[in-house]
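Single-letter residue listing:
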Amino acid sequence: MAICEKEWENIHLENYIYRMNDFSILSNTADSFLILKKNGQLAFISEACQRFLDYSSGEIKDMVINDIFPASSLNEQNHYFKEQNRDTLSHFDTHIKTKSGDYIHVHLTAFPIVLHKATIGSYAVIKKMTHHNDQVFMSEKQAVAGQLAAGIAHEIRNPMTAIKGFLQLMMKDYKGKKASYFEIIKSEIERIELILRELMVLAKPNKVSYKKVKLDSLLEQILTLMRSQALLNDIEIEDTYCFKDASIYGDENQLKQVFINYIKNAIEAMPDGGKITIEGEFLSENQVIIRIVDEGPGIPSEILERISEPFFTTKEQGTGLGMPVSYQIIKEHKGDMLVSSSSSGTCIEVVLPRES
C-alpha cells in the first residue's frame, strides 16, 4: 500500500523523536520546548515544558497548536506562526496558555526539523518573559531616569512656573506678529511640562484610584475621543470587540492614557490614511486581550527592539517616554503588552486581568 506524503512525514517525525529520546537528548534538556507536526499538531513536549505549562506528555499529544497559542500568533490555517517562515530560524514574542487557562508572555524561537531535505516539523523553544524586554527595562538608562527624574522635574518646574506666569501677563499687551511669537513660546513651555509629567510617571507613578472599570465603556470613551483625530488623517477606526458586562480593576485615567497613546501611534504610522482595528476577546476566565492593529508600513526590527527604551524615539517631536510609561502602567495593573510588526502593519496586544 502506498504511503501518502503526510503519513511519511508523521512516521519520520515520530521515529526522529523516538531516537532522540533513546539517546536522552530530548528528555534531559533543561529547555522548555515543543515539537510540532506540519499540520500544527503537537508531537512532543519536553519535561521542562510540562512543568512550565502544567500539561503532561499524554495530554499534549491530543492537542493542536491553536489550543495553546492565541489566534493572533498563528496563520490563517492555524498551523504555523503568523509572518514566520517555517523553513528558517525565527524569533518573536507571543502568549501561551497554561493548563489553568491563563496566558503568559513568552519569547519563542522556532526552527525547522529537516530530514532528507524535507521539512517534517518544527521545534518551538519557549522562554518565559518576566518583563516585555528584560534588557531594556533593566537597562542603565531607565535606572538613571528613575533616580534623577523627580529631582530634575522639581528643579525645572519652579522656574517654569514663573516664566509661564510672566509670559501670560506680557501676552495681554501685544497683538499682531509679536503675539504669534508669544504663542510659540507658550506651546514650547507646554511641551516641556508634558515631558516633565511623563518623566515623573516613569520615575514614580502618581497616586492612582483603583476601581472596577467597565471595559466596553472605557474603550468607547477612548474611541469617541480618537475618531475625530483619525478622520482628520483619513483613517477609519473599526472596533470588533465585545466585552459585555466585563470589567477590569484599575485606574481609569491611566488606562485611557495607555490606549490613547497606542492609537495615536497607529494614526501617526499611517500618514496616507488607512484603517485601525480595535479587537478584543477573553483569553480565559481570568484575562482579556485588546489589540490595536494598523495598516502602516511596519516597524523595522532594529527599531522594534528598542521601542520601549526610555528616551528612544524616531519622531521629530517625540519624547521617547510614551511607550515605557504605558508599559509601566500596564505592569502596575498586573498586565502584559507585546508588539509584533511586519510590512503589512503593526499589532499591539494588551493583556489585563479580568475582574470577577
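Residues numbered from 1 in each chain as written. Predicted model: local features only at pLDDT ≥ 70, side-chain atom pairs only at ≥ 80, totals over all residues. Heavy atoms only, no water.

Student: Quick question: what am I supposed to make of the overall build of the protein here?
Tutor: Secondary structure assignment for the protein yields ten helices and twelve strands. Looking at the protein as a whole, 44% of its 356 residues are labelled buried. Sequence separation of at least 24 residues holds for 62% of the intrachain contacts in the protein that already meet a minimum separation of 6. Summing over all exposed atoms, the protein offers an accessible surface of approximately 19,400 Å²; the carbon and sulfur share of this is 52%. (Helix = DSSP H or I, 4+ residues; strand = E, 2+ residues; numbered from the N terminus. Buried < 20%, exposed > 50% of the residue type's maximum accessible area, 1.4 Å probe, protein only. Contact = heavy atoms within 4.5 Å. Areas by Shrake-Rupley, 256 points an atom, 1.4 Å probe, with all protein chains shown as cover.)

Student: Where do I start with the sheet that holds strand β10 (residues 287-293) in this structure?
Tutor: Here five strands make up an open sheet; going across it, the order is β7-β9-β10-β12-β11 and the pairing mixed. Of all the strands in the sheet, just β7 (235-239) and β11 (336-342) have a single pairing partner and so form its edges. On average, adjacent strands in this sheet sit at an angle of 15° to one another, irrespective of strand direction. Examined bridge by bridge, strand β9 (residues 274-282) and β10 share six bridges and lie antiparallel to one another. Following the sheet pairing, Thr277 is matched in β10 by Val293. (Pairing = 2+ DSSP bridges. Axes fitted to C-alpha atoms, helices over the stretch in contact; angles between N-to-C directions.)

Student: Explain the sheet that holds strand β3 (residues 90-97) to me, please; I cannot follow it from the model alone.
Tutor: Note: strands within a sheet are paired through backbone hydrogen bonds, in either parallel or antiparallel orientation. Read across the sheet, five strands follow the order β2-β1-β5-β4-β3 without closing on themselves; strand pairing throughout is antiparallel. Since the sheet does not close on itself, it has two edges, and those belong to β2 (42-45) and β3, each with one partner. The average undirected angle you get between the axes of adjacent strands in this sheet is 30°. Note that strand β1 (residues 32-37) and strand β5 (residues 118-128) share six bridges and pair antiparallel. Within the sheet, the bridge partner assigned to Leu36 lies in β5 and is Ser122.

Student: Can you help me understand the pairing of strand β12 (residues 345-353) in this one?
Tutor: On any regular strand, side chains alternate: one points to one face of the sheet, the next to the other face. In terms of burial, β12 is a largely internal element, eight of the nine residues being buried. Sheet analysis places β10 next to β12, joined by seven bridges and oriented antiparallel. Within β12, the position partnered with Ile290 by the bridge is Val350. With seven bridges joining them, β11 and β12 adopt antiparallel strand pairing. Along β12, the bridge assignment pairs Asp336 with Val351. With antiparallel pairing between neighbouring strands as the criterion, β11 and β12 make up a hairpin whose turn holds two residues.

Student: What should I look at first to understand helix α7 (residues 215-232) in this one?
Tutor: Given 3.6 residues per turn, any residue in an α-helix points the same way as the ones three and four places further on. Across its 18 residues, α7 extends 26 Å between first and last C-alpha, which sits within 8% of the 26 Å expected from 1.5 Å per residue. The sharpest bend along α7 reaches about 30° and sits at Met226. When we look at burial in α7, the residues that qualify are Leu215, Leu218, Leu219, Ile222, Leu223, Met226 and Ala230. Looking at the buried residues of α7, the elements they touch are β6 (211-214), β7, β8 (247-250), α8 (252-268), β9 and β10. Count one or two residues on from α7 and you reach Asp234, which has phi positive near 60°. (Expected span 1.5 Å × (residues − 1). Bend = angle between axes of the 7 residues up to and from the residue.)

Student: Is there a simple way to explain the confidence of the model for the protein in this structure?
Tutor: The predicted coordinates of low-pLDDT regions are not to be read in fine detail. Across the protein, pLDDT averages 77, with 74% of residues at or above 70. Every residue in residues 22-27 scores below 50 in pLDDT, and together they form ten contacts with partners more than four places removed in sequence or on other chains. For residues 131-140, every residue scores under 50 in pLDDT, and the model assigns this stretch 19 contacts once sequence neighbours within four places are set aside. (pLDDT = per-residue confidence, 0-100.)

Student: Help me understand empty space enclosed by the protein in this model?
Tutor: A probe matching the size of a water molecule, rolled over the atoms, marks out where space remains unfilled. The final tally for this structure, using the stated rule, is two cavities of 30 Å³ or more. Estimated volume of the second largest cavity: approximately 40 Å³. As for the second largest cavity, its lining consists of Leu219, Ile222, Leu223, Phe259, Ile263, Ile278 and Ile292. Where the lining of the second largest cavity is concerned, the elements lending two or more residues are α7 and α8. No other element matches the three residues that α7 contributes to the lining of the second largest cavity. (1 Å grid on protein atoms, 1.4 Å probe; cavity = no way out; pocket = protein on both sides within 12 Å on 5 of 7 lines; lining within 4 Å. Points joined across faces, edges and corners; volume = space filled by probe spheres on them.)

Student: Where do I start with the pattern of salt bridges in this structure?
Tutor: Taken as a whole and judged by the stated rule, the model has nine salt bridges. Notably, a salt bridge pairs Lys99 with Glu59, separated by 2.8 Å at the nearest N-O pair. On the criterion of sequence distance, the pair formed by Lys99 in the loop between β3 and β4 (103-115) and Glu59 in helix α3 (residues 57-60) is long-range, its members being 40 residues apart. The class for Glu59 is partly exposed, based on a relative accessible area of 29%. (Salt bridge = Lys/Arg side-chain N within 4 Å of Asp/Glu carboxyl O.)

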